[in-house]
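Inside the fold
Listed below are the residues making up each chain.
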Amino acid sequence: MTLLRAAALCGGYGGSTVVHDVDLEVEAGTCTAILGPNGAGKSTLLRLLAGILPPTSGAIELLGRPFNRWRRREIAKRLGYLPQWVDFSFPLSVAEVVEQGRAPHLGPWRPPSPADRAAVRRAMDRLGLAPFARRPVRSLSGGERQRVLLARVLATEPLAVLLDEPSAALDVRHQLEFGEVVRDLLRQGTSVVLVVHDWNLGLRLADQLLLLKEGRVVARGGPDALADAALFRSVFGVTVRVVAGDGAVPHIVPVGLS
Amino acid sequence: MSTQGRDLALAGFVAAALLSGLVAGGPALAPAEAMATLLGGGTPEAATIVFSLRLPRVLLAAGVGAALALAGAALQSLLANPLADPFLLGVSGGGAAAATAAYAVLPASLLGVVPAAAMAGAAGATAAVWWMARGPFGTSSTRLILAGVAANAFTSAMILAILATAPSPRLPGALAITMGSFAGASSSAVAWLAPYLAVPMAVLAYHARDLGLLALGEESAAALGVEPAAVRRRVFLAAAALSGGAVAFAGVIGFVGLATPHLCRLLWGNDVRRLLPRVALAGAGLTVLGDLVARRLLSPVELPVGVVTALLGVPFFVALLRRAP
């Protein structure tokens, strides 16, 4: 089943187009990784796919229906989006932030039911946040905040999660744990779309990888097709060695500037 | 203390504030006599003082306090900024400038439109501040406070110009608008204020959950199903109506809108749905109490209530500023 389909998708901010002509299909229960240099339009593409940035042209549909024929809240029930950065101006507690993940299911009036509370608890437990529940998020480190926001996405229990740099601030243990969370989601049939800088994480997790440069897709395919030293030279201007990693997944080792 | 305990304490506080406003409201009637009047005894003169003078004043202070506190809570969430407040942002100033202008120039038969003018002024100032404060990544504290400074500087200049040129019979009334006072309270003012409170309150209640989500920024809220543009429009209008209504019937009263939501956050957490009714009640109680202080501190001379709230509110604002990241 195709969850998300984008065709000739373009988008940007205030008149300047950042993402050009992206075609993409996201199947249920698959992982898509979006890669590319700084400023290539990865985060913008993710915002377009999450429906929080309206495209300037092109088509995008969720479950076969164009975005503009969905209500914002109905999209939010089905697509969970993890922003790269959130400004915690108010001293919200960890539990209060994770509970926000249920908001799309509640609407303006309905109070959280036992089922909503259970979803919040599961999400907090999955990311090991239960001991922090009452702590203000502002007192946490960058990596801990990222886990709180990821728990908020999980609490929604969406059909797909769209994650912007979800593991950038995580220590090695929590990076591995993040990989497990993604695999669990995929096993449950949830689709995952990731923007990552860590190529090896992308290669290990993703079924399809999308390489962006200056807002355009310059390469796409499975891990074997994308683990290509020539691509790295042309897109990033670096020399890498592709070595055999765990199992059949190739592993990238940066060597130097080319 | 449990949430129920805090709720009971809040109810007790509001009841005590209202009662002291009625019982200890001024030198004209001793507290014991006022109490007897409330309980059904007392002279007809005492009944006039308690029910026709003090009761409307207490009710007006409660309504205005609730309005300002709600406007502050709404603006703080909407702008994702804990320093937002109708007074600091110049929203009250915009209302006051328009209200004093209307009051100074309109013939007596048209003074009924002063509240509408206050609301229009407040709405105009809200729009201007939002436009000034908005950077490429939302509103930052710095931009917001600077926008408030700009709006306040502009509106005070306008108010001074109006006061300098107003015809002398209208001067005291125009001056009262700028200082904040409940001295002009009447039962008809209370009746007029009611719809200005009720409609915005309904809007805020409907958007309470959205406001909670917007406290973490527009992108974060949009990802959870909020339509930021629609919510922004409605909540800004509601906050402008609440602040403008407050200015129209009581003049400019600062810091109630800033301090009350923060005090309530400390006691009840950050869930805006739970917060709003408690913010309204606490704002009502605090303002009634502030008015009592204004009336009794230098009795028989009466201070403007805006002076009292500023004297108490400024240290609070400084503490917030020092604590903000």
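Just so it is clear, the structure is predicted and the values come from calculations on it, not from any experiment.

Considering the overall build of chain A
Check the secondary structure of chain A and you find 10 helices and 12 strands. Over its C-alpha atoms chain A spans a radius of gyration of 18 Å, differing by no more than 12% from the 18 Å that the globule rule assigns to 258 residues. Taken along the three principal axes of its C-alpha coordinates, chain A extends 55 × 40 × 35 Å. Across the 258 residues of chain A, 45% fall into the buried class.

What to know about the overall build of chain B
Scanning chain B from N- to C-terminus turns up 14 helices and 2 strands. Against the 2.2 N^0.38 benchmark of 20 Å for 325 residues, chain B shows a C-alpha radius of gyration of 19 Å, consistent with a compact globule. Once the C-alpha set of chain B is aligned to its principal axes, its extents read approximately 65 × 55 × 35 Å. When each of the 325 residues of chain B is scored for burial, the buried share is 52%. Considering only contacts in chain B between residues 6 or more positions apart, those separated by 24 or more positions represent 76%.

Things to note about the nonpolar core
Core analysis: the largest hydrophobic core is formed by 189 residues, its most contacted members being Leu162 and Leu194 of chain A together with Leu70, Ala74 and Ala99 of chain B. Those residues in contact with Ala74 of chain B that lie beyond four places of it in its chain are Leu204, Leu211, Val235, Ala238 and Ala239 of chain B.

Here's the deal with the confidence of the model for chain B
The share of residues in chain B with pLDDT of 70 or more is 98%, and the mean pLDDT across the chain is 89. In the predicted complex, the global pTM is 0.90; the interface-specific ipTM is 0.93.

A few points about unusual backbone geometry
Although it is not a glycine, Ala8 of chain A adopts a positive phi angle of roughly 50°. Looking at the secondary structure, you find Ala8 of chain A in strand β1 (residues 2–13). Its 13 C-beta neighbours within 10 Å are what place Ala8 of chain A among the partly exposed residues. Phi is positive for Ala80 of chain B, close to 50°, though the residue is something other than glycine. By the secondary structure assignment, Ala80 of chain B is in the loop between α3 (44–78) and α4 (91–105). A residue is classified by how many C-beta atoms lie within 10 Å of it, and Ala80 of chain B, with 25 of them, is buried.

Focus on the pairing of strand β11 (residues 238–244) of chain A
Sheet topology places β11 of chain A next to strand β12 (residues 250–257) of chain A; 7 bridges connect them, and they run antiparallel. By the bridge assignment, Thr239 of chain A is partnered in β12 of chain A with Gly256 of chain A.

Describing the pairing of strand β2 (residues 16–27) of chain A
Two strands pair when backbone bridges link them, and β1 of chain A and β2 of chain A are joined in this way by 8 bridges, in the antiparallel orientation. Bridge pairing links Leu4 of chain A to Val26 of chain A in β2 of chain A.

A look at the sheet that holds strand β7 (residues 160–164) of chain A
Residues and elements named next belong to chain A. Pairing is mixed across the open sheet formed by 6 strands, whose spatial order is β6-β7-β8-β3-β9-β10. Each of the sheet's edge strands pairs with one partner strand only, and the pair in question is β6 (79–82) and β10 (216–221). Across this sheet, the average inter-strand angle for adjacent strands is 15°, counted without regard to direction. Here strand β3 (residues 31–35) pairs with strand β8 (residues 191–195) via 4 bridges, running parallel. Bridge assignment links Ile34 to a residue of β8, and that residue is Val195.

Description of helix α7 (residues 172–187) of chain A
All names here are of chain A. For α7, which comprises 16 residues, the first-to-last C-alpha distance of 23 Å matches the rise-based estimate of 22 Å (1.5 Å per residue) to within 8%. Residues Phe178, Val181, Val182 and Leu185 constitute the buried set of α7. Mapping the buried residues of α7 onto a view down its axis gives an arc of 95°, with all of them on the same face. Away from its buried face by more than 90 degrees, α7 exposes Val172, Arg173, Leu176, Glu180, Asp184 and Arg187. Lining the buried residues of α7 we find β3, α5 (114–126), β7, β8 and α8 (199–205). Backbone geometry just downstream of α7 places Gly189 in the positive-phi region, at approximately 95°.

Thoughts on the interface of chain B and chain A
At the junction of the two partners, chain B supplies 20 residues and chain A supplies 19 residues. Contributing elements (two or more residues each) for the side of chain B that touches chain A: α9 (208–214) and α10 (218–223) of chain B. The element contributing the most residues to the side of chain B that touches chain A is α10 of chain B, with 4 residues. In the side of chain B that touches chain A, the residues fall into 10 nonpolar, 6 polar and 4 charged.

Looking at the environment of Val252 of chain B
Residue and element names in this part refer to chain B. Tracing the chain through its elements places Val252 in the loop between α11 (228–250) and α12 (256–268). Note on Val252: 30 C-beta atoms within 10 Å, which makes it buried. Taking the C-alpha atoms as reference points, Val252 and Pro56, 196 residues apart in sequence, are found 19 Å from one another. Once you skip the residues sitting within four places of it in the chain, Val252 turns out to touch Phe87, Ser92, Gly93, Ala96, Thr178, Gly180, Val247 and Gly306.

Describing the sheet that holds strand β4 (residues 57–62) of chain A
Note on sheets: strands pair through backbone hydrogen bonds, and any given pair is parallel or antiparallel. All names here are of chain A. Strand order across the open sheet formed by 4 strands is β2-β1-β4-β5, with antiparallel pairing between neighbours. Two strands close off the open sheet at either side, each with one partner strand: β2 and β5 (65–66). As paired elements, β4 and β5 share 2 bridges and run antiparallel to each other. If you follow Leu62 over to β5, its bridge partner there is Arg65. Running over the sheet, helix α1 (residues 42–50) touches β1, β2 and β4 and is turned about 125° from β1.

Here's the deal with the packing of helix α8 (residues 187–206) of chain B against α11 of chain B
Think of two packed helices as two axes; the pair is described by the angle between the axes and how far apart they sit. Residues and elements named next belong to chain B. Remark: α8 packs on α11, axes separated minimally by 9 Å, with the N-to-C direction vectors making an angle of 160°. As far as their axial angle goes, α11 and α8 are roughly antiparallel. The handedness of the crossing between α8 and α11 comes out as left-handed. Facing Ala189, Trp192, Leu193, Tyr196, Leu197, Val199, Pro200, Val203 and Leu204 of α8, the residues of α11 in contact are Arg234, Val235, Ala238, Ala241, Leu242, Gly245 and Phe249. Partitioned by chemical class, the residues of the contact of α8 with α11 number 14 nonpolar, 1 polar and 1 charged.

Focus on the environment of Asp164 of chain A
All names here are of chain A. By the secondary structure assignment, Asp164 is in strand β7. A residue is classified by how many C-beta atoms lie within 10 Å of it, and Asp164, with 22 of them, is buried. Spatially, the C-alpha atoms of Asp164 and Val193 are 8.6 Å apart, while their sequence positions differ by 29 residues. Residues in contact with Asp164, not counting those within four places in the same chain, are Ser43, Leu46, Leu82, Pro83, Gln84 and Val195.

Procedures and definitions
- Residues numbered from 1 in each chain as written.
- Chains lettered and ligands numbered in written order.
- Predicted model: local features only at pLDDT ≥ 70, side-chain atom pairs only at ≥ 80, totals over all residues.
- Helix = DSSP H or I, 4+ residues; strand = E, 2+ residues; numbered from the N terminus.
- Rg over C-alpha atoms; globule rule 2.2 N^0.38 Å.
- Buried ≥ 20, exposed ≤ 12 C-beta atoms within 10 Å, placed from the backbone.
- Contact = placed C-beta atoms within 7 Å.
- Core = buried A, V, L, I, M, F, W, Y, C linked by C-beta atoms within 7 Å.
- pLDDT = per-residue confidence, 0-100.
- Pairing = 2+ DSSP bridges.
- Axes fitted to C-alpha atoms, helices over the stretch in contact; angles between N-to-C directions.
- Expected span 1.5 Å × (residues − 1).
- Arc of directions from axis to C-beta.
- Nonpolar A, V, L, I, M, F, W, Y, C, P; charged D, E, K, R; others polar.
- Parallel < 35°, antiparallel > 145°, perpendicular 65-115°, else oblique.
- Left-handed = near helix turned anticlockwise from the far one by under 90°.

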